[in-house]
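This is what each chain is made of:
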Amino acid sequence: MKVFALIILFIILSVSQAFGYSVHAPEGKRLKVHWAILEAKTGKMSEMAAISSRTVAKFTPNEKGSYSLYGAIAKENPDLMRILEIYEDEAAYQVHRSNEGFKTFIEERKPILESLKILPVDEIVLEQKTEGTGKTVFMTLAEVKPEKLDEFKALITQEMTRSVSENPGVLVMFATSEQEARNNFVHTLETYVDDQAREKYLASQEYINYRNKADELLLSRKVFENFPANVILSKKGLHLEEDE
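All figures in this text were calculated on a predicted structure; none of them were measured in a lab.

Quick notes on the rules
- Residues numbered from 1 in each chain as written.
- Predicted model: local features only at pLDDT ≥ 70, side-chain atom pairs only at ≥ 80, totals over all residues.
- Heavy atoms only, no water.
- Helix = DSSP H or I, 4+ residues; strand = E, 2+ residues; numbered from the N terminus.
- Rg over C-alpha atoms; globule rule 2.2 N^0.38 Å.
- Buried < 20%, exposed > 50% of the residue type's maximum accessible area, 1.4 Å probe, protein only.
- Areas by Shrake-Rupley, 256 points an atom, 1.4 Å probe, with all protein chains shown as cover.
- Lys, Arg positive; Asp, Glu negative; His and termini not counted.
- Charge placed at Lys NZ, Arg CZ, Asp CG, Glu CD.
- pLDDT = per-residue confidence, 0-100.
- Contact = heavy atoms within 4.5 Å.
- Axes fitted to C-alpha atoms, helices over the stretch in contact; angles between N-to-C directions.
- Parallel < 35°, antiparallel > 145°, perpendicular 65-115°, else oblique.
- Nonpolar A, V, L, I, M, F, W, Y, C, P; charged D, E, K, R; others polar.
- Phe/Tyr/Trp six-rings, centres within 6.5 Å; stacked < 30°, edge-to-face > 60°.
- Lys NZ or Arg CZ within 6 Å of the ring centre and 35° of its normal.

Peer 1: Is there a simple way to think about the overall build of the chain in this case?
Peer 2: Within the chain, the regular secondary structure consists of 8 helices and 11 strands. For 244 residues, the compact-globule estimate of 2.2 N^0.38 gives 18 Å, and the C-alpha radius of gyration of the chain, at 19 Å, lies within 12% of that figure. If you line up the chain on its principal axes, its C-alpha atoms span 65 × 45 × 40 Å. Going through the 244 residues of the chain one by one, you find that 45% of them count as buried. Counting only carbon and sulfur atoms, one obtains 55% of the accessible surface of the chain, whose full area is about 13,100 Å². Taking the 31 positively charged and 38 negatively charged side chains of the chain as two groups, their mean positions are separated by 3 Å.

As structure tokens, this is what we get:
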């Protein structure tokens with residue numbers, strides 16, 4: 001009987017660890033989502049990351065409306081960092097911009113900042129686990145055939161939702177689309193526990209089936225590999241209290 005109880009407990013824990021939730025805004029509000037692409041002057045990205053850690057990172061956890069700022073440093077350019085930022089709404093973003101940590105970050109990074117691009121996007125699917133730390137982060141940019149955009153959105157939403165729920169090593173699956181004339185350009189952020197978790201997911205029959213279908217809907221697809229990261233998941237935006 002004890003062995004049976006332990007087996008049941010293990011199954012329950014495994015399911016709870018794998019279950020995914022969608023990031024969303026409360027009723028009456030609209031998420032503010034954008035990519036921030038920062039490029040430091042040659043050899044200065046580690047210094048910029050250190051400035052961010054002791055300024056922005058101290059304030060953001062206490063900002064109720066700053067849901068998540070997930071990103072990593074690009075392997076193709078060690079001076080480039082891409083961050084996907086999600087806020088409860090425009091007002092929450094302005095609160096974030098007005099905090100002392102962010103203001104200090106802006107001032108201290110000026111001598112080492114080469115360029116900064118803010119790319120506004122619309123969310124397609126924002127699925128993640130409630131907790132965990134991701135070491136492996138990949139991003140993609142896909143150009144979807146314009147006439148196949150709705151079909152692709154439905155397909156990627158289904159797969160990203162499934163992958164987070166069914167795979168313990170898959171932590172975050174976010175997909176966003178650019179706006180207006182470039183709304184068929186889709187950017188994704190994928191976060192895994194480690195490289196082995198990603199390799200296991202990519203080898204799964206479910207993923208292979210998804211890619212076979214998705215590739216028929218795309219004009220191009222580019223994958224961005226990043227240096228090992230330390231992405232700590234945020235529960236903000238999941239609104240777990242709504243389910244209690």
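Peer 1: It is not clear to me how the confidence of the model for the chain should be interpreted in this structure. Could you clarify?
Peer 2: Any region with low pLDDT has predicted coordinates that should not be read closely. When pLDDT is averaged along the chain, the result is 92; 91% of the residues meet or exceed 70. Scored below 50 in pLDDT, residues 1–17 makes 1 contact in the model with residues more than four places away or belonging to other chains.

Peer 1: Could you clarify how one ought to interpret the packing of helix 6 (residues 149–166) against helix 8 (residues 205–215) in this entry?
Peer 2: Helices that pack against each other are described as a pair by the angle of their axes relative to one another and the distance between those axes. Close contact between helix 6 and helix 8 brings their axes to 11 Å; oriented N to C, the two are set at 170 degrees. By the angle between their axes, helix 6 is roughly antiparallel relative to helix 8. Within the contact between the two elements, helix 6 uses Phe152, Leu155, Ile156, Glu159 and Arg162 and helix 8 uses Glu206, Tyr207, Tyr210, Lys213 and Ala214. In the contact of helix 6 with helix 8, the residues fall into 6 nonpolar, no polar and 4 charged.

Peer 1: Please clarify how the packing of aromatic side chains should be interpreted in this entry.
Peer 2: Aromatic rings in a pair are described by how distant their centres are and how their planes are angled relative to each other. For the structure shown, the criterion picks out 5 aromatic pairs. A ring pair is formed by Tyr87 and Tyr93, whose centres lie 5.0 Å apart and whose planes are at 50 degrees; its orientation type is tilted. Both residues of the pair, Tyr87 and Tyr93, count as buried. Plain terms: the ring middles of Tyr192 and Tyr201 are 6.3 Å apart, the flat faces sit at 35 degrees to each other, and that makes the pair tilted. Comparing Tyr192 with Tyr201 shows no difference in burial state: the two are buried. Taken together, the aromatic side chains of Tyr192, Tyr201, Tyr207 and Tyr210 make up a single cluster linked through ring pairs. Geometry around Phe224 places Arg82 over its ring, the cationic atom sitting 4.2 Å from the centre. Over the ring of Phe138 we find Arg198, and its NZ or CZ is 3.5 Å from the ring centre.

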